[in-house]
Amino acid sequence: MKRLVRVSVFLMFLILLTGCEALVKEKSYELDDSHIIFELPKVWEEEGTSDAELVLSRDTANMTIDTIHPSELDSISVRQLLDQKVSEVMKDKITHSLVKEYPVNHLADRNITSYLYTANKDNIETEYYFSVLDFTGRDTYVYVLYEATETYMKYNIDDINRMLMRMRWNGSTEDLAMR
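Since the model is a prediction, treat every value here as computed from it, not as a measurement.

Engineer: Explain the sheet that holds strand β11 (residues 168-169) to me, please; I cannot follow it from the model alone.
Structural biologist: Strand-to-strand pairing in sheets goes through backbone hydrogen bonds, with the strands running parallel or antiparallel. Taken together, the three strands give an open sheet; going across it, the order is β1-β2-β11, and neighbouring strands pair in antiparallel fashion. Looking at strand neighbours, the two that pair on one side only are β1 (26-31) and β11, the edges of this open sheet. Taken together, the six bridges between β1 and strand β2 (residues 36-41) define a ladder with antiparallel strand orientation. Bridge pairing in β2 links E30 to I37.

Structure (structure tokens):
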């Protein structure tokens, strides 16, 4: 028993000495002048970024996360914004169809509206998961487009939804999705 305690103490000391960052499996991101904070597994690689937009890739999946201020739009609803984004992405696809329109996910401080589409471009079947996150009482929408093959989408869509539910408005210390 003493040996187990010594090994545990030694390992804890080693972790503190070498730093804990190597053990962290997620990376934090900030958008919209640090108003939006969220984490993703470190396997995602940044392809590009600006103050409002973040483009990430991983294996055979891509994700774009963008902030939009409703005050900059001509009083369009979240659904209209989502329909506009779908039209922009699908305009160059040979065929596309709606797979599922998800019910609006109402959380304590946000509403999440999502569609799942499938499209064929260059004989490759790809699924597109479009979401708009509307923070209640904030002048900010978060638009997320997750693009992957059907198999990859089925395997990872829950992780994307979890990320949307756990995004935080900067300054919020409570994880409202876990209430």
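Engineer: Explanation requested: the nonpolar core in the structure shown.
Structural biologist: Nonpolar side chains in soluble globular proteins generally cluster together in the buried interior. Ranked by internal contacts, the top residues of the largest apolar core, which has 29 residues, are F38, W44, M63, I65, Y146, M163 and M167. Not counting residues within four places of it along the chain, the set of residues in contact with F38 comprises K27, S28, Y29, L31, L54, I65, M163 and M167. Membership of the second largest hydrophobic core comes to 16 residues, among which are L81, V89, M90 and F130.

Engineer: Looking at this structure, I do not really get the layout of surface pockets. What am I missing?
Structural biologist: Any empty space left between the atoms is revealed when a probe the size of a water molecule rolls over them. Here the largest pocket defines a volume of roughly 240 Å³. Around the largest pocket, the lining comprises 15 residues; the ones closest to its centre are E26, E39, P41, D159 and M163. Elements supplying a minimum of two residues to the lining of the largest pocket: β2 and α3 (150-166). The element that contributes the greatest number of residues to the lining of the largest pocket is α3, accounting for six residues. In terms of residue class, the lining of the largest pocket is made up of eight nonpolar, one polar and six charged.

Engineer: How do you make sense of the packing of aromatic side chains when you look at a structure like this?
Structural biologist: Here the structure, examined in full by the defined rule, presents seven aromatic pairs. Plain terms: the ring middles of Y29 and F38 are 5.4 Å apart, the flat faces sit at 20° to each other, and that makes the pair stacked. Assigned by exposure class, Y29 and F38 land together as buried. Taken together, the ring pairs connect Y115, Y117, Y128 and F130 into an aromatic cluster. Here K85 stacks its cationic end above the ring of Y143, 4.9 Å away from the centre of that ring.

Engineer: Whenever I open this one, α3 confuses me. Can you help?
Structural biologist: Three- or four-residue spacings in an α-helix give side chains the same orientation, since the helix completes a turn every 3.6 residues. Between its first and last C-alpha atoms α3 spans 24 Å; for 17 residues at 1.5 Å apiece the expected length is 24 Å, and the two agree. The axis of α3 is deflected most strongly, by about 50°, at N156. All of the buried residues along α3 are Y152, M153, N156, I157, I160, N161, M163 and L164.

Engineer: Can you help me understand the side chain of T140 in this one?
Structural biologist: Along the chain, T140 turns up in the loop between β9 (124-135) and β10 (141-148). T140 has contacts with D32, I36, T67, I68, H69, P70, L133, D134, F135 and W169, leaving out every residue within four places of it along the chain.

Engineer: Before we go on, may I ask you to explain the environment of L54 in this structure?
Structural biologist: Mapped onto the elements of the fold, L54 is located in strand β4 (residues 53-58). The class for L54 is buried, based on a relative accessible area of 3%. Along the backbone, L54 and T67 are 13 residues apart, and their C-alpha atoms lie at a distance of 9.2 Å.

Cut-offs and rules
Residues numbered from 1 in each chain as written. Predicted model: local features only at pLDDT ≥ 70, side-chain atom pairs only at ≥ 80, totals over all residues. Heavy atoms only, no water. Pairing = 2+ DSSP bridges. Helix = DSSP H or I, 4+ residues; strand = E, 2+ residues; numbered from the N terminus. Core = buried A, V, L, I, M, F, W, Y, C linked by side-chain atoms within 4.5 Å. Buried < 20%, exposed > 50% of the residue type's maximum accessible area, 1.4 Å probe, protein only. Contact = heavy atoms within 4.5 Å. 1 Å grid on protein atoms, 1.4 Å probe; cavity = no way out; pocket = protein on both sides within 12 Å on 5 of 7 lines; lining within 4 Å. Points joined across faces, edges and corners; volume = space filled by probe spheres on them. Nonpolar A, V, L, I, M, F, W, Y, C, P; charged D, E, K, R; others polar. Phe/Tyr/Trp six-rings, centres within 6.5 Å; stacked < 30°, edge-to-face > 60°. Lys NZ or Arg CZ within 6 Å of the ring centre and 35° of its normal. Expected span 1.5 Å × (residues − 1). Bend = angle between axes of the 7 residues up to and from the residue.

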